[in-house]
Amino acid sequence: MYASDENWREVDAYFEASLITEDDALAAARASSAHTTMPSADVTANQGKLLAMLCQLAGATRVLEFGTLAGYSTVWLARAVGPGGHVTTLELEEQNAKVARQNLERAGVADRVDILVGSAAESAQRLIDTGADPYDFVFIDADKPSNPAYLRASLELTRPGAVLVIDNVVRQGAITDPNSPDKRVQGVRAVVADIANNPHLDATTLQTVGAKGWDGFTLIRRTN
């Protein structure tokens with residue numbers, strides 16, 4: 001059977017219908033993406049559930065997220081850490097933050113989430129400067145050229161044992177081109193090199209296909 005975008009979407013839909021419970025709050029968060037600066041850029045339901053499970057498997061109670069948009073992944077993460085947990089999510093645009101706040105309220109998790117609006121690199125640096133408590137889990141899903149800066153900040157804000165996930169690293173296969181003029185590709189290549197050259201990081205990357213096409217994510221464990 002020839003695999004196509006249509007097949008990938010059908011498979012995603014099958015597994016979502018079989019295994020994922022996307023309640024009204026999550027469905028509304030997904031729909032509200034239309035009102036953000038990057039419509040339909042949220043993770044899928046399958047991916048949101050994976051983030052939540054990884055968070056729970058890591059025993060995380062404090063999560064840092066780079067890139068909020070409508071707060072769809074934020075809801076998954078906030079639910080994963082539970083009532084005693086906390087999520088700090090960094091969002092450049094107030095327009096997106098406003099949408100996300102409404103979705104967090106609807107999902108009943110607004111009290112465990114802080115949205116910091118502005119440059120994610122600057123917001124992360126303020127967290128470092130003010131001595132924020134270490135985070136157990138980091139999800140990096142913001143502008144790709146800044147991935148190396150986000151990784152550096154994440155290492156300042158975590159401790160050994162922390163788990164990090166970097167999304168959208170395959171770029172429809174463009175990641176293999178060292179001469180790509182795409183700054184997003186170069187940002188991913190740079191962060192992959194940084195991970196590979198850091199003896200305190202253990203990592204792998206998985207390619208994915210599905211409703212959002214061909215991409216993938218890098219999963220990292222901080223060992224020291």
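Note that the structure is a prediction, hence the values are computed from the model and not measured.

### Some thoughts on the confidence of the model for the protein
Alright, step 1. Mean pLDDT over the protein: 97, with 99% of residues reaching 70 or higher.
Alright, step 2. No element of the protein has a lower mean pLDDT than helix α1 (residues 5-19), which averages 94, and none a higher one than strand β1 (residues 62-66), which averages 99.

### Things to note about the sheet that holds strand β6 (residues 201-210)
Alright, step 1. The strand order β3-β2-β1-β4-β5-β7-β6 describes an open sheet built from seven strands, whose pairing is mixed. Where the open sheet ends on each side, the last strands, each with one partner, are β3 (113-117) and β6. Across this sheet, the average inter-strand angle for adjacent strands is 15 degrees, counted without regard to direction.
Alright, step 2. By the bridge criterion, four bridges tie β1 to strand β4 (residues 135-140) in an arrangement that is parallel. Bridged to L64 within β4 is V138.

### A closer look at the environment of A174
Alright, step 1. Tracing the chain through its elements places A174 in the loop between β5 (158-167) and α8 (183-196).
Alright, step 2. Once the C-alpha coordinates of A174 and Q186 are considered, the two residues, 12 residues apart in sequence, prove to be 9.7 Å apart.

### A short note on the packing of aromatic side chains
Alright, step 1. Taken as a whole, this structure holds two aromatic pairs when the rule is applied.
Alright, step 2. An angle of 65 degrees between the planes, with centres 4.9 Å apart, marks the rings of Y14 and F15 as edge-to-face.
Alright, step 3. By relative accessible area, which is 39% here, F15 ends up partly exposed.
Alright, step 4. Its guanidinium or amino end placed over the ring of Y72, R30 lies 4.5 Å from that ring's centre, counting from NZ or CZ.

### Some words on the pairing of strand β2 (residues 86-91)
Note on strand geometry: in a regular strand, side chains alternate between the two faces of the sheet.
Alright, step 1. With six of its six residues buried, β2 lies for the most part within the structure.
Alright, step 2. Going residue by residue along β2, you find H86, T88 and L90 tucked away on one face and V87, T89 and E91 tucked away on the opposite face as well.
Alright, step 3. Bridging between β1 and β2 involves five bridges; their strand directions are parallel. The partner of V63 across the bridge, within β2, is V87.
Alright, step 4. Note: β2 against β3, five bridges, orientation parallel. By the bridge assignment, V87 is partnered in β3 with V113.
Alright, step 5. Note on the crossover from β2 through helix α5 (residues 94-107) to β3: the handedness is right-handed.

### Brief notes about the nonpolar core
Alright, step 1. The biggest cluster of nonpolar side chains holds 32 residues, and the ones touching the most others in it are C55, L77 and F137.
Alright, step 2. At seven residues, helix α4 (residues 72-81) tops the list of elements feeding residues into this core.
Alright, step 3. In contact with L77, other than residues within four places in its own chain, are L51, C55, V63, E65, V87, F137 and F139.
Alright, step 4. Among the nonpolar cores identified, the runner-up in size contains 25 residues, and F66, L164, V188 and I195 belong to it.

### Some remarks on the side chain of S32
Alright, step 1. Mapped onto the elements of the fold, S32 is located in the loop between α2 (24-31) and α3 (45-57).
Alright, step 2. Note on S32: relative accessible area 12%, which makes it buried.
Alright, step 3. Setting aside chain neighbours within four positions, we find S32 in contact with A70, V99 and N103.

### Here we look at unusual backbone geometry
Alright, step 1. The phi torsion at S40 lies on the positive side, around 65 degrees, for a residue other than glycine.
Alright, step 2. Note that S40 resides in the loop between α2 and α3.
Alright, step 3. Within the chain, Q172 stands out as a residue other than glycine whose phi angle is a positive 55 degrees.
Alright, step 4. Its location among the elements puts Q172 in the loop between β5 and α8.

### Thoughts on the pattern of salt bridges
Alright, step 1. Inspection of every chain in the model, using the stated rule, returns six salt bridges.
Alright, step 2. The partner of R101 in a salt bridge is E94, with the nearest N and O atoms 2.8 Å apart.
Alright, step 3. For the salt bridge of K144 with D141, the shortest nitrogen-to-oxygen distance reads 3.0 Å. Neither residue differs from the other here; K144 and D141 are each classed as buried.

Calculation criteria
- Residues numbered from 1 in each chain as written.
- Predicted model: local features only at pLDDT ≥ 70, side-chain atom pairs only at ≥ 80, totals over all residues.
- Heavy atoms only, no water.
- pLDDT = per-residue confidence, 0-100.
- Helix = DSSP H or I, 4+ residues; strand = E, 2+ residues; numbered from the N terminus.
- Pairing = 2+ DSSP bridges.
- Axes fitted to C-alpha atoms, helices over the stretch in contact; angles between N-to-C directions.
- Phe/Tyr/Trp six-rings, centres within 6.5 Å; stacked < 30°, edge-to-face > 60°.
- Buried < 20%, exposed > 50% of the residue type's maximum accessible area, 1.4 Å probe, protein only.
- Lys NZ or Arg CZ within 6 Å of the ring centre and 35° of its normal.
- Right-handed = clockwise from strand over helix to strand, strands pointing away.
- Core = buried A, V, L, I, M, F, W, Y, C linked by side-chain atoms within 4.5 Å.
- Contact = heavy atoms within 4.5 Å.
- Salt bridge = Lys/Arg side-chain N within 4 Å of Asp/Glu carboxyl O.

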